[in-house]
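Letter by letter, the chains look like this.
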Amino acid sequence: MLAKVQRRTKIKAGIRSRVFGTPERPRLSVFRSNKQIYAQVIDDVHGKTLAAASSKNLTNKMTSVEKSALVGKALAEKALQAGISTVVFDRNGYLYHGRVKSLADGAREGGLKF
């Protein structure tokens, strides 16, 4: 089990060395737990979260992939209200598949450009 966590940490460090959020183009960071998914739009220059969304307040009547798409759309709405239209995607060491891909697609549908 520890090897899996160490692998993700190594991948995450490689991604974060290349991906950096600026005020003009902030970073969309994804965190995935076993039950929930969280997303933030972060300005790394000032160290501030500009918009955030999670699946905590969604009903349990949908699949996790459907919830992720709704979280992506909700985050896109909040980001557009804050005047953000383009972001850099940070998958945080997770594979771009399943819930992470669904969140990214939902954010694109909501109007964010990657």
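Our subject is the structure listed above.
Below is a short write-up of the structure. (Residues numbered from 1 in each chain as written. Predicted model: local features only at pLDDT ≥ 70, side-chain atom pairs only at ≥ 80, totals over all residues. Heavy atoms only, no water.)

1. Focus: unusual backbone geometry
Piece 1. One non-glycine residue, N92, lies in positive phi territory at about 65 degrees.
Piece 2. Assignment of secondary structure puts N92 in the loop between strand 4 (88-90) and helix 3 (99-110).
Piece 3. Judged by relative accessible area, which is 7%, N92 ranks as buried. (Helix = DSSP H or I, 4+ residues; strand = E, 2+ residues; numbered from the N terminus. Buried < 20%, exposed > 50% of the residue type's maximum accessible area, 1.4 Å probe, protein only.)

2. Concerning the pattern of salt bridges
Piece 1. The full count for this structure, using the stated rule, is 6 salt bridges.
Piece 2. With a shortest N-O distance of 3.2 Å, E109 and K73 are connected by a salt bridge. Highlighted residues: E109 in helix 3 and K73 in helix 2 (residues 64-81), separated in sequence by 36 residues.
Piece 3. Given a relative accessible area of 33%, K73 falls into the partly exposed group.
Piece 4. Several salt bridges share partner residues, and in doing so they unite R16, R27, D44 and D90 into one network. (Salt bridge = Lys/Arg side-chain N within 4 Å of Asp/Glu carboxyl O.)

3. Some thoughts on the pairing of strand 2 (residues 37-43)
Piece 1. When you tally the buried positions in strand 2, you get 5 out of 7 residues, the bulk of the element.
Piece 2. The sheet contact formed by strand 1 (residues 27-32) and strand 2 spans 6 bridges and is antiparallel. Pairing of S29 across the sheet is with Q40, part of strand 2.
Piece 3. Direction of pairing for strand 2 relative to strand 3 (residues 48-54): antiparallel, over a ladder of 6 bridges. Looking at the pairing, D43 lines up with K48 of strand 3.
Piece 4. Hairpin connection, strand 2 to strand 3: the antiparallel pair is bridged by 4 residues, and G47 has positive phi, about 70 degrees. (Pairing = 2+ DSSP bridges.)

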